[in-house]
Amino acid sequence: MKSAVLVFPGSNRERDAARALERVSGVKPAMVWHADTALPAGTDLVVLPGGFSYGDYLRCGAIAARAPIMDAVRAHAARGGLVLGICNGFQILCESGLLPGVLVRNARLRFICREALLKVERNDTPFTRRYARGAIVRYPVAHGEGNYTADAATLKRLEDEGRVLFRYVMPDGRRDDAQVLNGAANSIAGIVSEKLNVLGLMPHPENHVDPLVGPTDGRALFESLVGALEKA
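Remember, predicted model here, so these are calculated numbers, not experimental data.

Peer 1: Lay out the overall build of the protein chain with the relevant residues and their values.
Peer 2: Across its full length, the protein chain holds five helices and eleven strands. Taking 2.2 N^0.38 as the reference for a compact globule, 232 residues should give roughly 17 Å; the C-alpha atoms of the protein chain span a radius of gyration of 16 Å, in line with that estimate. Going through the 232 residues of the protein chain one by one, you find that 56% of them count as buried. Within the protein chain, residue pairs in contact and separated by at least 24 positions form 74% of the contacts whose partners lie at least 6 positions apart. When the accessible surface of the protein chain is summed, it comes to about 9,800 Å², and 50% of that surface belongs to carbon and sulfur atoms. Separation between the mean location of the 29 positive side-chain charges and that of the 25 negative ones in the protein chain comes to 1 Å.

Peer 1: Which residues make up the pairing of strand S10 (residues 188-192), and what values do they have?
Peer 2: For S10, the tally of buried residues reaches five of five residues, placing the bulk of the element in the interior. Here strand S9 (residues 164-168) runs beside S10; their pairing, made up of three bridges, is antiparallel. For Val164, the partnering residue across the bridge sits in S10 and is Ile191. With three bridges joining them, S10 and strand S11 (residues 198-201) adopt antiparallel strand pairing. When the sheet's bridge partners are listed, Ile191 is paired in S11 with Gly200. The turn linking S10 back onto S11 is made up of five residues, and Leu196 within it adopts a positive phi angle of 65°.

Peer 1: Before we move on, could you go through the environment of Ala18 and cite the residues and values that matter?
Peer 2: Counting through the fold element by element, Ala18 comes out in helix H1 (residues 14-25). Placed 33 residues apart in sequence, Ala18 and Gly51 show a C-alpha to C-alpha distance of 14 Å. Contact partners of Ala18, with chain neighbours within four places excluded, come to Val5, Pro29 and Met31.

Peer 1: A description of the UniProt feature "active site" (unreviewed entry) in the protein chain should follow, citing residues and the corresponding values.
Peer 2: UniProt feature "active site" (unreviewed entry): in the numbering of this structure it lies at Cys87, His204 and Glu206. Taking the farthest pair of C-alpha atoms as the criterion, the annotated set spanning 120 residues converges on one region, since that pair is 11.0 Å apart. Assessed through its relative accessible area of 5%, Cys87 is described here as buried. As for its position among the elements, His204 is in the loop between S11 and helix H5 (219-231). A residue is classified by how much of its surface remains accessible, and His204, at 1% relative accessible area, is buried. Apart from the residues lying within four places of it in its own chain, the contact partners of His204 are Arg13, Gly50, Ile86, Cys87, Tyr139, Pro140, Val141 and Ala142. Only 3.2 Å separates the side chain of His204 from the side chain of Arg13, close enough to count as a polar contact.

Peer 1: Which residues make up H5, and what values do they have?
Peer 2: For H5, built from 13 residues, the straight-helix expectation of 18 Å at 1.5 Å per residue is met to within 8% by its first-to-last C-alpha distance of 18 Å. Within H5 the residues assigned to the buried category are Ala220, Leu221, Phe222, Ser224, Leu225, Val226, Gly227 and Ala228. Packing partners of the buried residues in H5 comprise H1, strand S3 (45-48), strand S4 (82-86), strand S7 (136-143), S9 and S11.

What counts and how
Residues numbered from 1 in each chain as written. Predicted model: local features only at pLDDT ≥ 70, side-chain atom pairs only at ≥ 80, totals over all residues. Heavy atoms only, no water. Helix = DSSP H or I, 4+ residues; strand = E, 2+ residues; numbered from the N terminus. Rg over C-alpha atoms; globule rule 2.2 N^0.38 Å. Buried < 20%, exposed > 50% of the residue type's maximum accessible area, 1.4 Å probe, protein only. Contact = heavy atoms within 4.5 Å. Areas by Shrake-Rupley, 256 points an atom, 1.4 Å probe, with all protein chains shown as cover. Lys, Arg positive; Asp, Glu negative; His and termini not counted. Charge placed at Lys NZ, Arg CZ, Asp CG, Glu CD. Pairing = 2+ DSSP bridges. UniProt positions renumbered as here; feature names shortened; annotations may be inferred. Polar contact = N/O pair within 3.5 Å; in protein donor to acceptor, adjacent residues only side chain to side chain. Expected span 1.5 Å × (residues − 1).

Structure, rendered in structure tokens:
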């Protein structure tokens, strides 16, 4: 798997993402600067990492969505290439039009840094094939603007098309929109594009891949990507 991790001014999880990719795939990813205009030849997967790109000025991800490298990312996605946006990366994907909706301030207006329980809604995508459908996994979250918001028509389309891939749940596995940690509509933690090749999610799977530092629930996401590309 040939992957590329984008680096924006203010990114702070790019090394975490790169380490997770290398640990699972055995191949070190390329680190691509925001001012570049092309991805490395043969790139299979582009990762937009967490952080505070451009200091979160204007809106989270709004400036990064207009960085020179993003034209190449949009072209890569249009060709069917895989794209993964984590936390700030999810915000950038929404601001760039690669995913619908927007991430706004958490409902209680507080930064949240903790572990969250997520339900894997489907396992027939390149990102989730190594999970069981309906599995409950634990990923860390660290965000102030993780409240996924979209109009009623967009939410209905996402639900009808099965494009909600990860959803926040309670400890008993039950969905409770009134108690969701950040106020996200329909308890949405992660969504995919129509072609299932672009995933944005707020929690951080890259921080749960190494048993030396805690749970490994995020490892299967990266293993899924490796497996999908090997099959292709």
